[in-house]
Amino acid sequence: MNSGERDVSEAVLKDSTLTASDSASRSSVLRRLRVTDKVFHGLTRTAALLVLALLSGVILSLVYGAAPALGTFGFGFLFDESWNPVTERFGALAPIYGTLITSAIAMLIAVPVGLMIAFFLTELCPPVLRRPIGIAIELLAGIPSIIYGIWGLFVFAPFMQQYVQPLFIDSFANVPVLSILFAGPPYGIGMFTAGLILAIMVLPFVTSISRDVFDAVPPVLKEAAYGVGCTTWEVFRYVVLPFTRVGVIGGFMLGLGRALGETMAVTFVIGNAHHVSASLFAPGTTISASIANEFTEAVGDLYTSSLIALGLILFFITFVVLAIARYMLMRLQMRAG
Amino acid sequence: MKFAKIAVAATALALTSWSAQAIDISGAGATFPYPIYAKWADAYKKETGNGLNYQSIGSGGGIKQIKAKTVTFGASDAPLTGKDLDESGLVQFPLVMGSVTPVVNLEGIKPGELTLDGPTLAKIYLGQIKSWDDAAIAKLNPNVKLPKQAIVPVRRSDGSGTTYNFAYYLAEVSPDWKTKVGVSTALQWPVGIGAKGNEGVAGNVAQTKGSIGYVEYAYAKVNKMTFTKMINKAGKAVVPGSDTVQAAAASADWNSKPGFGVILANQPGDQSWPMAAATWILMYKKPEKLADSAEALKFFAWAYAKGDAMADSLDYVPMPDNVVKDIMKMWSAEIKDASGKPLYSPTN
């Protein structure tokens, strides 16, 4: 390796001494270098612009494809629950509702659990266990979503139907609000089951990012806190969390992004019904699940266009989520100094 | 330079040898008949050397592909209307039949033990019958002990010819279904959970206690699912299978609709299965690629003549001979080249 490097530099040296004696060839070499640089510059710029072009291409084709549906239904498209291929009346309310509810369930579970796992791994875990648990979490992230879907349908949903859902329905039958959220009949699959599967899928994202940022907390801060008599909980709440807020929110947003767009696993367990139901046990649908289910067999221009319009809405939701994340990070950074 | 010349020569050679190869018929559409088309194509290739490339992308996709003229023939489980056929210059004929079968997941109930009729099935899928011990079901099954359990109706979440045939039958027997839901490959379902494909419905029914679904008979049989008996138009309880589908096909008036587009739902006859279903082929009357279309017709003629046993082995039901005769007559009369010469003649 070393000798190779010397060879190159000697060649360059020889080259430059040669050109120094001959100004004509020297300028030609310089020109060549300039051209190479320009080409390189151009290539990098093209690559960067290509991303922009792709993004605008996607937006344009989504808008173009969605135009017939949005033109026919107008803004009402967003608030209409009906999805009737027979009469060709379509509305996006049920898929939007399902997407937001399942993602909310997933984040409500995955964030606290993920933060606890991350803190345990960085602060409390005996070193022997640290690696196995860490690797297990990372493996969880590597499982393809179709596997979660099949497992959800064949193992998790029957378990939910026979044990968990009847228990919830019976225990909360007389509790206000909860009796509506957990109303029967127990189908096994539905929005709640989809949310739980999503939580498992999102968990590794939240955990591994949180663990990385928790690791980056200067030990001196934590030791000082313990030194003045803080409990572990107080160290976590008042030292580690405030210090790592930005990174934790980043992990949260990454997880939310996955939950919003996840298709295959959700399709298996959500029930694919275009209904807005108060009960979390009822079957519902999400935007991506509707598209995956119906696009290939959508007969008629308005049907296809409505599905593309759903895609546009998902694009918009994801964009808004990212924008909020950016804004929050910006405000945090400004407050931090 | 030399390399470029060699490359050009090689490409030219490849192209000529490719065009000199046996003709490949291309088709796309319905997923339901895919297994039998694949089996026929395999046997046909062994016999004649000509292959069939069939993509099971769904009936809707098949109709789109043939209208875009990217394939020699399209295949659909739902027939096109006479008006649609005329406007696009297509002909349509049924190639093989199957049936839609209700399947249930109820503890202690064996295949064929439960009996349902059309109006009850419609009420279950309308959400009007919610529990298995409902009086309407009990009346049809005096000897079966029905559990007090919620019914979970399972249906297709993707557009499907199976759904079309199922909904067509329910609309025939239930005015409520006709006005509230209607007939199409995809519907606004009042209740139930959706699953993708026959295999998805089969999987969901197998996993969900108290569920009912509808699948192609072949899926019910292969997966050993609990199929139900149905009360047919004549008021008799029949089991799904090739005999009862053949009975339905025999009692149907195939020439009553353009392009043999008869839905075999609710046919008369003591033995008729009420949800028998044919699957159709779509071709152009004046095809652009004559050789391919002529070869496709030869393949279909071969399938009608020699494919019955293979169809039977996969639980499909062959078309009745008198209908096949009419279909071939239609080929000679309708499918022609630019000069008006028929592409298919019974002798070749």
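This is a predicted model, so every value here is computed, not measured. (Residues numbered from 1 in each chain as written. Chains lettered and ligands numbered in written order. Predicted model: local features only at pLDDT ≥ 70, side-chain atom pairs only at ≥ 80, totals over all residues. Heavy atoms only, no water.)

A. Examining a nonpolar patch on the surface more closely. Residues and elements named next belong to chain A. Taken together, the side chains of Phe316, Phe319, Val320, Ile324, Tyr327, Met328, Met330 and Met334 make up a nonpolar region of the molecular surface, amounting to roughly 850 Å² of accessible area. Inspection of the secondary structure puts methionine 328 in helix H12 (residues 301–336). Take methionine 328: its relative accessible area is 34%, and that puts it in the partly exposed class. (Patch = residues over 30% accessible without salt bridge, like charges linked within 9 Å, V, L, I, M, F, W, Y side chains within 5 Å. Areas by Shrake-Rupley, 256 points an atom, 1.4 Å probe, with all protein chains shown as cover. Salt bridge = Lys/Arg side-chain N within 4 Å of Asp/Glu carboxyl O. Helix = DSSP H or I, 4+ residues; strand = E, 2+ residues; numbered from the N terminus. Buried < 20%, exposed > 50% of the residue type's maximum accessible area, 1.4 Å probe, protein only.)

B. Representation of the interface of chain B and chain A. With 34 residues of chain B in contact, the opposing surface of chain A contributes 26 residues. Between chain B and chain A, a total of about 2,300 Å² is buried, with carbon and sulfur atoms accounting for 49% of that surface. Here chain B and chain A share zero salt bridges between them. For the interface between chain B and chain A, the tally reads 14 residue pairs in polar contact (both at pLDDT 80 or more). (Contact = heavy atoms within 4.5 Å. Buried area = accessible area lost by both parts, 1.4 Å probe. Polar contact = N/O pair within 3.5 Å; in protein donor to acceptor, adjacent residues only side chain to side chain.)

C. Highlighting the sheet that holds strand E10 (residues 229–231) of chain B. All names here are of chain B. Spatially, E5-E10-E11 is the arrangement adopted by the three strands of the open sheet, whose pairing is mixed. Each having just a single partner strand, strand E5 (115–117) and strand E11 (237–238) make up the two edges of the open sheet. Summarising the sheet, E5 and E10 pair through three bridges and their orientation is parallel. Its bridge partner lying in E10, aspartate 117 is registered against isoleucine 231. The strands touched by helix H5 (residues 118–126) are E5 and E10; relative to E5, the strand with the most contacts, the crossing angle is about 85°. (Pairing = 2+ DSSP bridges. Axes fitted to C-alpha atoms, helices over the stretch in contact; angles between N-to-C directions.)

D. Main features of the nonpolar core. Residues B:Trp40, B:Phe93, B:Trp177, B:Trp254, B:Phe300 and B:Trp331 are the most contacted members of the largest nonpolar core, which totals 88 residues. The element contributing the most residues to this core is helix H12 (residues 290–306) of chain B, with eight residues. Counting the residues that make up this core, at least three belong to each of domain 1 (4–98 + 276–334) and domain 2 (100–250) of chain B. Leave out the neighbours within four places in its chain, and B:Trp40 touches B:Leu95, B:Val96, B:Phe299, B:Trp302, B:Ala303, B:Gly307, B:Met310 and B:Ala311. By size, the runner-up hydrophobic cluster in this structure holds 74 residues, among which are A:Ala69, A:Ile105, A:Phe119 and B:Ala186. (Core = buried A, V, L, I, M, F, W, Y, C linked by side-chain atoms within 4.5 Å. Domains from an automatic or database assignment.)

E. Here's a closer look at helix H7 (residues 191–215) of chain A. Residue and element names in this part refer to chain A. Between its terminal C-alpha atoms H7 stretches 35 Å, which fits the 36 Å expected from 25 residues at 1.5 Å a residue. In H7, a bend of some 35° at valine 202 exceeds every other bend along the element, and proline 204, a proline, comes one to four places later. Among the 25 residues that make up H7, 18 are buried, leaving the element largely enclosed by the rest of the structure. (Expected span 1.5 Å × (residues − 1). Bend = angle between axes of the 7 residues up to and from the residue.)

F. The domain arrangement of chain B, seen in detail. All names here are of chain B. Under the domain assignment, chain B is made up of domain 1 (4–98 + 276–334) and domain 2 (100–250). Between the C-alpha centres of domain 1 and domain 2 the distance comes to 31 Å. Facing 15 residues of domain 1, the contacting portion of domain 2 comprises 14 residues. Of the roughly 1,200 Å² buried at the junction of domain 1 and domain 2 (both faces included), carbon and sulfur atoms supply 66%. It is Ala276, Asp315 and Val317 in domain 1 that bury the most area against domain 2; as a group they hold 35% of the surface buried on that side. The tally of links from domain 1 across to domain 2 stands at one salt bridge. The interface formed by domain 1 and domain 2 holds one residue pair in polar contact (both at pLDDT 80 or more) in total. Sorting the residues of the side of domain 1 that touches domain 2 by element identifies strand E4 (90–105), strand E12 (276–284) and strand E13 (317–318) as the ones contributing at least two each. Each residue belonging to the side of domain 1 that touches domain 2 can be placed in one class, and the counts come to 10 nonpolar, two polar and three charged. (Nonpolar A, V, L, I, M, F, W, Y, C, P; charged D, E, K, R; others polar.)

G. Region of interest: the pairing of E12(B). All names here are of chain B. Of all nine residues in E12, nine are buried; the element is thus mostly enclosed. Alternating positions in E12 separate into two faces, Ala276, Ala278, Trp280, Leu282 and Tyr284 on one and Ala277, Thr279, Ile281 and Met283 on the other, with burial throughout. When strand E3 (residues 73–76) meets E12, the two strands line up antiparallel, connected through three bridges. Looking at the pairing, glycine 74 lines up with leucine 282 of E12.

H. Region of interest: the confidence of the model for chain B. All names here are of chain B. Per-residue pLDDT for chain B averages 88, and the proportion of residues at 70 or more is 93%. Low confidence marks residues 13–20, where pLDDT is under 50. Its contacts with residues over four positions away, or in another chain, come to zero contacts. Interface confidence in the predicted complex, given as ipTM, is 0.79; pTM for the same model is 0.83. (pLDDT = per-residue confidence, 0-100.)

I. Molecular detail of the side chain of B:Ser293. Position of B:Ser293 relative to the elements: it lies in helix H12. Excluding its chain neighbours within four sequence positions, the residues that come into contact with B:Ser293 are B:Thr72, B:Met283, B:Pro287 and B:Leu343.

J. Up close: the pairing of strand E6 (residues 152–156) of chain B. Residues and elements named next belong to chain B. Taking burial as the measure, the five residues of E6 include five buried ones, the bulk of the element. Of the pairings in the sheet, the one linking E6 to strand E8 (residues 211–216) comprises two bridges and is parallel in character. Bridged to valine 152 within E8 is serine 211. In the sheet, E6 pairs with strand E7 (residues 193–195) via three bridges, with the strands oriented parallel.

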